[in-house]
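Letter by letter, the chains look like this.
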Amino acid sequence: MVMKKQEMKVYKERLLALRARLRGDVNQLADSALKKNRIEGNGDHSAMPIHMADIGSDNFEQEFTLSLMESEEGTLGAIEDALERIEAGTYGTCDECGVKIPKTRLNAIPHTPLCVKCAEQFQKG
Ligand SMILES: [Zn+2]
(Lines give C-alpha, C1' and ligand atoms only; values in the text may rest on other atoms or scores of the structure.)
Protein backbone atom coordinates (compact mmCIF):
# COMPACT_ATOMS: atom_id res chain seq x y z
CA MET A 1 0.00 0.00 0.00
CA VAL A 2 3.02 2.30 0.33
CA MET A 3 3.67 4.80 -2.43
CA LYS A 4 6.59 4.16 -4.75
CA LYS A 5 9.70 6.24 -4.16
CA GLN A 6 9.53 7.59 -7.69
CA GLU A 7 5.99 8.80 -7.07
CA MET A 8 6.92 10.36 -3.74
CA LYS A 9 9.69 12.32 -5.44
CA VAL A 10 7.08 14.16 -7.51
CA TYR A 11 5.21 15.20 -4.37
CA LYS A 12 8.42 16.09 -2.57
CA GLU A 13 9.32 18.53 -5.32
CA ARG A 14 5.82 19.95 -5.23
CA LEU A 15 5.99 20.38 -1.44
CA LEU A 16 9.39 22.05 -1.64
CA ALA A 17 8.09 24.51 -4.24
CA LEU A 18 5.01 25.23 -2.14
CA ARG A 19 7.14 25.76 0.95
CA ALA A 20 9.42 28.19 -0.86
CA ARG A 21 6.44 30.16 -2.13
CA LEU A 22 4.74 30.30 1.29
CA ARG A 23 7.94 31.31 3.03
CA GLY A 24 8.29 34.18 0.62
CA ASP A 25 4.71 35.28 1.25
CA VAL A 26 5.06 35.14 5.03
CA ASN A 27 8.27 37.17 4.92
CA GLN A 28 6.62 39.72 2.68
CA LEU A 29 3.65 40.06 5.04
CA ALA A 30 5.93 40.41 8.06
CA ASP A 31 7.97 43.06 6.22
CA SER A 32 4.97 45.16 5.29
CA ALA A 33 3.54 44.87 8.83
CA LEU A 34 6.84 46.10 10.26
CA LYS A 35 7.11 48.95 7.77
CA LYS A 36 3.56 50.03 8.61
CA ASN A 37 4.43 50.13 12.31
CA ARG A 38 7.54 52.19 11.64
CA ILE A 39 5.62 54.74 9.58
CA GLU A 40 2.96 55.04 12.28
CA GLY A 41 5.55 55.33 15.02
CA ASN A 42 7.79 58.02 13.56
CA GLY A 43 5.55 60.96 14.38
CA ASP A 44 5.21 62.32 10.83
CA HIS A 45 1.46 62.40 11.20
CA SER A 46 1.45 64.15 14.58
CA ALA A 47 -0.10 67.26 13.00
CA MET A 48 -3.09 65.23 11.85
CA PRO A 49 -5.95 64.56 14.23
CA ILE A 50 -6.26 60.88 15.07
CA HIS A 51 -9.78 59.55 14.81
CA MET A 52 -10.88 56.53 16.75
CA ALA A 53 -12.31 55.06 13.55
CA ASP A 54 -8.90 55.16 11.89
CA ILE A 55 -7.28 53.39 14.80
CA GLY A 56 -10.01 50.77 14.72
CA SER A 57 -9.58 50.00 11.05
CA ASP A 58 -5.80 49.85 11.40
CA ASN A 59 -6.12 47.32 14.19
CA PHE A 60 -8.51 45.28 12.13
CA GLU A 61 -6.12 45.28 9.18
CA GLN A 62 -3.23 44.25 11.38
CA GLU A 63 -5.22 41.45 12.97
CA PHE A 64 -6.28 40.24 9.54
CA THR A 65 -2.65 40.19 8.38
CA LEU A 66 -1.56 38.36 11.51
CA SER A 67 -4.27 35.71 11.20
CA LEU A 68 -3.36 35.26 7.55
CA MET A 69 0.27 34.75 8.57
CA GLU A 70 -0.81 32.29 11.24
CA SER A 71 -2.73 30.12 8.79
CA GLU A 72 0.16 30.22 6.33
CA GLU A 73 2.50 29.15 9.10
CA GLY A 74 0.09 26.32 9.88
CA THR A 75 0.34 25.24 6.27
CA LEU A 76 4.13 25.49 6.44
CA GLY A 77 4.07 23.16 9.45
CA ALA A 78 1.92 20.69 7.54
CA ILE A 79 4.36 20.85 4.61
CA GLU A 80 7.30 20.14 6.95
CA ASP A 81 5.39 17.17 8.37
CA ALA A 82 4.63 15.87 4.89
CA LEU A 83 8.31 16.13 3.90
CA GLU A 84 9.20 14.15 7.02
CA ARG A 85 6.67 11.50 6.05
CA ILE A 86 8.27 11.28 2.63
CA GLU A 87 11.67 10.70 4.27
CA ALA A 88 10.12 8.08 6.56
CA GLY A 89 8.36 6.44 3.63
CA THR A 90 4.88 6.81 5.10
CA TYR A 91 3.73 9.65 2.85
CA GLY A 92 0.40 9.10 1.10
CA THR A 93 -1.29 7.15 3.89
CA CYS A 94 -3.83 8.66 6.26
CA ASP A 95 -2.48 9.63 9.70
CA GLU A 96 -5.76 8.67 11.33
CA CYS A 97 -6.96 5.46 9.76
CA GLY A 98 -3.97 4.39 7.66
CA VAL A 99 -5.74 4.09 4.31
CA LYS A 100 -4.05 5.23 1.14
CA ILE A 101 -4.92 8.86 0.39
CA PRO A 102 -6.26 9.17 -3.18
CA LYS A 103 -3.84 10.83 -5.59
CA THR A 104 -6.50 13.30 -6.68
CA ARG A 105 -6.52 14.57 -3.07
CA LEU A 106 -2.72 14.66 -2.84
CA ASN A 107 -2.57 16.56 -6.10
CA ALA A 108 -4.93 19.19 -4.67
CA ILE A 109 -3.43 19.32 -1.14
CA PRO A 110 0.00 17.64 -1.22
CA HIS A 111 0.63 18.40 2.48
CA THR A 112 -2.55 16.78 3.81
CA PRO A 113 -1.97 14.07 6.44
CA LEU A 114 -5.58 12.82 6.26
CA CYS A 115 -7.89 11.04 3.85
CA VAL A 116 -11.12 12.81 2.83
CA LYS A 117 -13.20 10.89 5.39
CA CYS A 118 -10.95 11.71 8.35
CA ALA A 119 -10.51 15.34 7.26
CA GLU A 120 -14.29 15.73 7.21
CA GLN A 121 -14.60 14.26 10.69
CA PHE A 122 -11.79 16.51 11.86
CA GLN A 123 -13.63 19.58 10.57
CA LYS A 124 -16.85 18.57 12.28
CA GLY A 125 -14.88 18.21 15.51
ZN1 LIG B 1 -8.38 8.40 7.22
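Residues numbered from 1 in each chain as written. Predicted model: local features only at pLDDT ≥ 70, side-chain atom pairs only at ≥ 80, totals over all residues. Heavy atoms only, no water.

Section: the coordination of the zinc ion
The condition that has to hold: Each metal site lists N, O and S donors within 2.8 Å (3.2 Å for Na, K and Ca). With water left out of the atoms, a site can look as if it is missing ligands. Note on geometry labels: four donors, all angles 85 to 135 degrees, give tetrahedral; four donors become square planar and six octahedral when opposite donors are over 155 degrees apart and every other angle is between 65 and 115; remaining cases are irregular. Strands here are runs of E lasting at least two residues and helices are runs of H or I lasting at least four, both read from the DSSP assignment and numbered beginning at the N terminus. Burial status follows relative accessibility: with a 1.4 Å probe on protein chains alone, a residue under 20% of its type maximum counts as buried, one over 50% as exposed, and anything between as partly exposed.
The protein atoms donating to the zinc ion are Cys94 (SG), Cys97 (SG), Cys115 (SG) and Cys118 (SG), with metal-donor distances spanning 2.3 Å. What the 4 donor atoms of the zinc ion show is an angle range of 105 to 113 degrees at the metal, which sorts the shape as tetrahedral. All donors to the zinc ion come from one chain, and their sequence spacing reads C-x2-C-x17-C-x2-C. Highlighted residues: Cys94 in the loop between α2 (52–88) and α3 (103–108) and Cys118 in helix α4 (residues 116–124), separated in sequence by 24 residues. As far as burial versus exposure is concerned, Cys94 and Cys118 are alike and both buried.

Some words on the packing of aromatic side chains
This is how it is decided: Any two rings among Phe, Tyr and Trp, with Trp reduced to its six-membered ring, count as a pair given centres within 6.5 Å; such a pair is stacked if its planes are under 30 degrees apart, edge-to-face if over 60, and tilted if neither.
Counted according to the given criterion, the structure contains 1 aromatic pair. Where Tyr11 meets Tyr91, the ring centres are 5.6 Å apart and the plane angle is 45 degrees; that geometry is what we call tilted. Of this pair, Tyr11 sits in helix α1 (residues 5–41) while Tyr91 sits in the loop between α2 and α3; the two residues are 80 residues apart in sequence, bridging distant segments of the chain. A relative accessible area of 4% places Tyr11 in the buried class.

Side note on a negative patch on the surface
The condition is simple: Each patch is built from residues lacking any salt bridge and having more than 30% relative accessible area; the joining distance is 9 Å for like charges and 5 Å for nonpolar side chains (Val, Leu, Ile, Met, Phe, Trp, Tyr). Per-residue and other accessible areas follow the Shrake-Rupley method at a 1.4 Å probe size, with only the shown protein chains counted as cover for residues. For this document, the term salt bridge refers to a Lys or Arg side-chain nitrogen within 4 Å of an Asp or Glu carboxyl oxygen. A positive count includes Lys and Arg, and a negative count includes Asp and Glu. His and the chain ends are not counted in either. By convention, the charge on Lys lies at NZ, on Arg at CZ, on Asp at CG and on Glu at CD.
A cluster of acidic side chains, namely Asp81, Glu84, Asp95 and Glu96, defines a negative patch on the protein surface. By the secondary structure assignment, Glu84 is in helix α2. By relative accessible area, Glu84 is classed as exposed at 55%.

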